[in-house]
Amino acid sequence: MNVQPEITYRGVEKTGALDELVNSKITKLEKFCDHISSCRVAIEKAHDHPSSGSPYRVRLDITVPPSHELAVDRSPDDGVQYEPVDAVIRHAFDSMERQLKELNEKQNSNR
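Sequence positions are assigned chain by chain, starting from 1 and proceeding in written order. It should be noted that, the model being predicted, local features are given only for residues of pLDDT at least 70 and side-chain atom pairs only at 80 or more, the latter also being counted only at that level, while totals for whole chains, interfaces and linings use all residues. In computing side-chain values, all of the structure's heavy atoms are included and hydrogens and water are not.

Peer 1: Can you walk me through the environment of asparagine 23 in this structure?
Peer 2: Note that asparagine 23 resides in helix α1 (residues 16-32). Partly exposed residues are those whose accessible area sits between 20% and 50% of the maximum for their type, while under 20% is buried and over 50% is exposed, using a 1.4 Å probe and protein chains only. Overall, the relative accessible area of 35% leaves asparagine 23 in the partly exposed class. Separated by 16 residues in the primary sequence, asparagine 23 and isoleucine 7 place their C-alpha atoms 9.2 Å from one another. Each helix is a run of DSSP H or I of at least 4 residues and each strand a run of E of at least 2, with the numbering of both proceeding from the N terminus.

Peer 1: Whenever I open this one, the side chain of glutamate 44 confuses me. Can you help?
Peer 2: Within the secondary structure, glutamate 44 is located in strand β2 (residues 38-45). In protein, a polar contact requires one atom able to donate a hydrogen and another able to accept it; more generally it is a pair of N or O atoms within 3.5 Å, and residues adjacent in sequence count only if both atoms are side-chain atoms. For glutamate 44, the side chain forms a polar contact with the side chain of arginine 10, separated by 3.3 Å. Filtering out sequence-adjacent residues up to four positions away, glutamate 44 remains in contact with Arg10, Val12, Pro55, Tyr56 and Arg57. In what follows, a contact means two residues having at least one pair of non-hydrogen atoms within 4.5 Å.

Peer 1: I tried to follow the pattern of salt bridges on my own but got confused; where do I start?
Peer 2: Oppositely charged side chains are able to pair whenever their charged atoms sit close together. For salt bridges, the criterion is a side-chain nitrogen of Lys or Arg within 4 Å of an Asp or Glu carboxyl oxygen. Taken as a whole and judged by the stated rule, the model has nine salt bridges. The salt bridge partner of aspartate 19 is lysine 14, with a shortest N-O separation of 3.7 Å. A salt bridge links arginine 57 to aspartate 73; the nearest nitrogen and oxygen atoms lie 2.8 Å apart. With arginine 57 in strand β3 (residues 56-64) and aspartate 73 in strand β4 (residues 68-74), this pair connects stretches of sequence that are 16 residues apart. Residue aspartate 73 is classed as partly exposed on the basis of its relative accessible area, which comes to 29%.

As structure tokens, then:
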């Protein structure tokens, strides 16, 4: 990656375990696309007691040259009620992995 990833926590305690999880997921993404030029991760607690979905929201924004901007937003309305923050992070990165694989396939087929 050309620049350090930006990881932001809002209303969620930053722990070594969460940082390690996010960084390992970023490293995994780089295996699918080694020319990521920026990566922003926002992890926030949207609600204390949601009526449905998880109280956590994870957003990933990744830029890949020449001008591809990819985004994933796992919001509280998505998925299982009270899904733990680490599971929401994993689901968000899985979605981004699929997007990067599709982008790589498109770029390779255009060569």
